[in-house]
Amino acid sequence: MLKYLFAKNEDIPAGSAAIFWGFSSIVWFVIGTGLGSFNAAKLAFPDFVTGNEMFAFGHMRQVHVHAVIFGWISMAFGMAMMYITPALGNTKLWSEKLGIWNAFLWNVGLSLGLTLLWIGMTSGREYSDFPWFIDLYIAVFMAVPLAINVWMTVLTRRTQGIYTTNWFFAAGVFMVAIVFIVGNLPEWFHLTGLTEAYLTWWFAHNVLGLWITPVAAAIAYYTIPKVTGNPLYSHRIGHLHFWSVVVFYSTPAAHHLMSAPLPEWLKSFASVEGVLILVPAIAFVSNIMLTMQGKWNMFVENLEVRFTITGVLLAIPLNMQGGFQQTRAINWYVHGTGWIVAHAHLALLGFSTFLEGAAVYLGLQTLMKRKLYSLTLGNMHFWMLLIGFSIYWTSMTIAGLIQGAGKIYEVPYIDVVIAEHPYMIARWLGGTMVFISNVIWLYNMWMTAREGTVVPAGRLPHEIAYER
Amino acid sequence: MAFREYKVGARMFGFSLGTSMCITLLFPSFDIAASVSTDVALDKQLSAGWDAGFQLKDPLLLGWNKPLKVLVKNDPVTNQPLAEPIYAYVYKPGTSMPNGATHTDSLGEGVKQLSIEQGKVKEAKEASGAVFLINKSGKLPYMENASATRGWTPGDVLKGVADEDISHVGAGKTMFVREGCWWCHTLLPEQTQDWQVFGAPPMLGDFNGESPTAFGSDRKGPDLLHVGSRNASREWMMLHFFNPRLVQPHSIMPRFDYLWGDKDASGQKIDFDKWRAEYNDYREGKNPSPPDVPVPAKDSEARKLIDFILSLK
Ligand code: HEM
């Protein structure tokens, strides 16, 4: 891959950038979940690797979060954009070379940023923990080049209309740039106090709501029609989804700070808008479900469809939780407990990861023109991911409910810690399963690249999934 | 842009996102900007200094560029005992000034004017350092630059004070941020039910000038905003940070023994391996009592962290 950094754009085979992004994302996935599992072990067994600053929980937790969000999820998005955007515009990627440089600089920047976070260089702001010069790097060398490539590809398309997925991609890269720049204002200009606290959560909310959620959903709009052959059920509902994301998802940031002395009107407003998140959610889920009509057998038979639909189905509990847990009636009970950790993993490890998984599986096979090395390993990956995640989610949800009860009945905190302990161990086991499944995935994809059966011209990998 | 719809759409998009930003950023900013510093906020920002997260003057979060919070008993100029001891915030020359002194607007209406006119905060200069006080004589508290109003220089103030009266609160907050205590502890009791156990939730105006606020979002341990009022024992904190399981066998809090550095208060080298071996014997019941915890050295990170935690009243 690196040899293409200095090649002429015309000499770079189409799809190289996407492959680079795709493999990087899998590697970050392995690293990120490995770190997650390590952290979980520390919470279950506090004397596991101890007395060493570099391996302290407080130094590792943010590295996990940033490795999975910026490494796995965002690079998988990058991969999806590199091949889906041109495919839907019936054109080539605007610049393969920019795409490859972008992935390269992304990996370099992220490695540097994570190392600095690891040694403790942090701004102390959750989700925008990177010090400001790393933020600047992210904006200039990571976010903007991606946005340019996607936008130019959409603008140079050879179709008349723009398909739903590409609206989301184009809007996503634009919105994430805005969110990034505005959300880091406290670091650019040293804003302090409540402004800093609020902007921290404004950023955290919007990076999820205007980047991860819509872009992940956009992937389903591509993979399902592409693999099943059914046209999208309704473009109108797609419109509804898109516009309600822009209007409703961009506003409820204050629901993360229901206990802070923010203006009451803002908290109430955020709560109401937060419930309206159900509008895009329902639009999205129903649209994809209805697109599946007549092809539900593929949910069982086809790996990519199974990944996508699982992700879409997980969006239902996700948005039910998301919509209601931030109302005052419920938030006071679950705020700051393991419930929220479970919810965060339902969003990122459940919903979004499964969708990205589908995009990476589909993309790598299509672009490398090779059939998956082993469908069995693929199935194993799927089930271990799903079961591991379910264990994680269930155990943390229970732990969260215990914590919530402990909070309102004013149980001495240590009793809560004791009661949570079995669930901490369960979470670690579930998470470790996820980690192992990713190692399997990396192996499977690597072998696909080296030894996968070559897909004959004119055919698609999923069509020959069961042929020997 | 082939279709007219896309032009309309692009405008609608700009309009929606713009409106959303107005409502979620612009409008709240008026409310937030109207908040007036309380004495709590003044204490926090004066003791923490310019920033407790990453900054160019403390890139590795080692607690540099931080003021000292000092209990002053004698007037540093005349050396006469003061009627009542007061806390002074000592910014040695070269230390960045607190936010309220450089961005007086952040103090809020009233406090801002008092701090400028009576407190002379604008005269505080980084090059010569300054000593600040919180003046609570009137209705509103304000920030007083004692170097200008009373002629107290950082050197004079520090000359006569005992080490017990010096708190490294600012450096300690940096340790708090760097060590990720806020991943497990919040600094924000909830408005709904935490009053009894964790104390009162903070008020509007309690944060002006603080950065980062490090509220935390996830609790795996108790809220710490008022921990110093629940437990003011330096000894307990020392044991607990060295190994939480010495005082709380079921705790999942990590050990922070590495914050002790190499040497203890008496200059002896700390032998961590030996300590752990003895501790393990104790856990297995081979020893009736755990080994003694070394007292942290005066300039150790552990001491700074404990100073900060005990300042959370
Ligand atoms: C794609 C996969 C994953 C994503 C996107 C992800 C994302 C996140 C996020 C966003 C948080 C912060 C949660 C919050 O503050 O509420 C977090 C925390 C955490 N994650 Fe993950 N995670 C993933 C996989 C895993 C795995 C496999 C494990 C292994 C057990 C794990 C263990 C943890 C732990 C222990 C924490 C700290 C939770 C706490 O503070 O209580 N994560 N993760």
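Definitions and limits used
- Residues numbered from 1 in each chain as written.
- Chains lettered and ligands numbered in written order.
- Predicted model: local features only at pLDDT ≥ 70, side-chain atom pairs only at ≥ 80, totals over all residues.
- Heavy atoms only, no water.
- Helix = DSSP H or I, 4+ residues; strand = E, 2+ residues; numbered from the N terminus.
- Buried < 20%, exposed > 50% of the residue type's maximum accessible area, 1.4 Å probe, protein only.
- Contact = heavy atoms within 4.5 Å.
- Areas by Shrake-Rupley, 256 points an atom, 1.4 Å probe, with all protein chains shown as cover.
- Lys, Arg positive; Asp, Glu negative; His and termini not counted.
- Charge placed at Lys NZ, Arg CZ, Asp CG, Glu CD.
- Near = heavy atom within 4 Å.
- Polar contact = N/O pair within 3.5 Å; in protein donor to acceptor, adjacent residues only side chain to side chain.
- Nonpolar A, V, L, I, M, F, W, Y, C, P; charged D, E, K, R; others polar.
- Pairing = 2+ DSSP bridges.
- Axes fitted to C-alpha atoms, helices over the stretch in contact; angles between N-to-C directions.
- 1 Å grid on protein atoms, 1.4 Å probe; cavity = no way out; pocket = protein on both sides within 12 Å on 5 of 7 lines; lining within 4 Å.
- Points joined across faces, edges and corners; volume = space filled by probe spheres on them.
- Donors = N, O, S within 2.8 Å, 3.2 Å for Na, K, Ca; no water.
- Tetrahedral: all angles 85-135°; square planar, octahedral: opposite > 155°, others 65-115°.
- Buried area = accessible area lost by both parts, 1.4 Å probe.
- Salt bridge = Lys/Arg side-chain N within 4 Å of Asp/Glu carboxyl O.

(A) Main features of the overall build of chain B. Secondary structure assignment for chain B yields 12 helices and 5 strands. Projected onto its principal axes, the C-alpha positions of chain B cover 80 × 60 × 40 Å. The buried share among the 313 residues of chain B stands at 55%. Considering only intrachain contacts with a sequence separation of at least 6, the fraction spanning at least 24 residues in chain B is 68%. In the form shown here, chain B has an accessible surface area of approximately 13,900 Å², with 56% of it arising from carbon and sulfur atoms. Taking the average location of the 35 positive side-chain charges in chain B and that of its 38 negative ones, the two points are 3 Å from each other.

(B) How the structure looks around the site of the ligand. The environment of the ligand is formed by 26 residues, the closest being Arg61(A), His64(A), His345(A), Asp218(B) and Lys220(B). Residues within reach of the ligand are spread across chains A and B. Contact distances for the ligand include 3.3 Å between an oxygen atom and a side-chain N or O atom of Glu126(A). When contributions to the shell around the ligand are tallied by element, the ones reaching two or more residues are helix 1 (16–44), helix 2 (57–89), helix 14 (338–368) and helix 16 (413–451) of chain A. Looking at the shell around the ligand residue by residue, the classes come out as 13 nonpolar, 8 polar and 5 charged.

(C) Inspection of the sheet that holds strand 4 (residues 142–145) of chain B at higher detail. All names here are of chain B. In space, the 5 strands of this open sheet follow the order 4-3-2-1-5, with antiparallel pairing throughout. Edge strands, defined here as strands with exactly one partner in the open sheet, are strand 4 and strand 5 (166–167). Bridge count between strand 3 (residues 130–135) and strand 4: 4 bridges; the pairing is antiparallel. Along strand 4, the bridge assignment pairs asparagine 135 with tyrosine 142. Helix 2 (residues 39–48) contacts strand 1 (68–74), strand 2 (81–91), strand 3 and strand 4 of the sheet and is inclined by roughly 165° relative to strand 3.

(D) The arrangement of the layout of surface pockets in detail. The volume enclosed by the largest pocket comes to roughly 850 Å³. If you go around the largest pocket, you meet 45 residues; those closest to its centre are Tyr413(A), His185(B), Gly221(B), Pro222(B) and Leu224(B). Elements supplying a minimum of two residues to the lining of the largest pocket: helix 2, helix 15 (375–408) and helix 16 of chain A together with helix 8 (195–198), helix 9 (227–230), helix 10 (234–242) and helix 12 (301–311) of chain B. Residue composition of the lining of the largest pocket, by class: 24 nonpolar, 14 polar and 7 charged.

(E) A look at the side chain of Asp194(B). With respect to the helices and strands, the residue Asp194(B) is situated in the loop between helix 7 (169–178) and helix 8. There is a polar contact of 2.8 Å between the side chain of Asp194(B) and the side chain of Arg219(B). In this structure, Asp194(B) is in contact with Lys407(A), Pro189(B), Gly199(B) and Arg219(B), ignoring residues within four places of it in sequence.

(F) Inspection of the coordination of the iron atom of the ligand at higher detail. Residues and elements named next belong to chain A. Protein ligation of the iron atom of the ligand involves His64 (NE2) and His345 (NE2), the donor distances falling in the range 2.0 Å. Seen from the iron atom of the ligand, its 6 donor atoms lie at angles of 83 to 179°, and the figure they make is octahedral. Residue histidine 64 is located in helix 2, and its partner histidine 345 is located in helix 14; the two are separated by 281 residues in the primary sequence. The same class applies to histidine 64 as to histidine 345, namely buried.

(G) Representation of unusual backbone geometry. Of note, the amide linkage connecting Ser211(B) to Pro212(B) takes the cis form, showing an omega dihedral of -15°. When you line up the elements, Pro212(B) lands in the loop between helix 8 and helix 9. A positive phi angle, close to 55°, is found at Glu410(A), a residue other than glycine. Inspection of the secondary structure puts Glu410(A) in the loop between helix 15 and helix 16. We classify Glu410(A) as partly exposed; its relative accessible area is 32%. With phi around 70°, Asn79(B) is a residue other than glycine that occupies positive phi space. Judged by its relative accessible area of 56%, Asn79(B) falls in the exposed class.

(H) The pairing of strand 2 of chain B, seen in detail. Residues and elements named next belong to chain B. Pairing geometry for strand 1 and strand 2, over 6 bridges, is antiparallel. Residue leucine 71 lies in a different strand from strand 2, and its bridge partner there is tyrosine 87. In textbook terms, the turn of a hairpin is the stretch between consecutive antiparallel strands, and for strand 1 and strand 2 this stretch comprises 6 residues, one of which, asparagine 79, has a positive phi near 70°. The sheet contact formed by strand 2 and strand 3 spans 3 bridges and is antiparallel. Note on strand 3: the bridge partner recorded for tyrosine 91 is alanine 130.

(I) Region of the structure containing the interface of chain B and chain A. On the side of chain A, 80 residues touch chain B, which itself brings 74 residues to the contact. Here chain B packs against chain A, burying approximately 6,500 Å² in sum over the two surfaces, 67% of which is carbon and sulfur. Where Glu190(B) meets Lys407(A), a salt bridge forms, and the shortest distance between an N and an O atom there is 3.1 Å. The interface formed by chain B and chain A contains 23 residue pairs in polar contact (both at pLDDT 80 or more). Contributions of two or more residues to the side of chain B that touches chain A are made by helix 1 (4–33), helix 7, helix 8 and helix 11 (272–283) of chain B. For the side of chain B that touches chain A, the element with the most residues is helix 1 of chain B, which contributes 15 residues.

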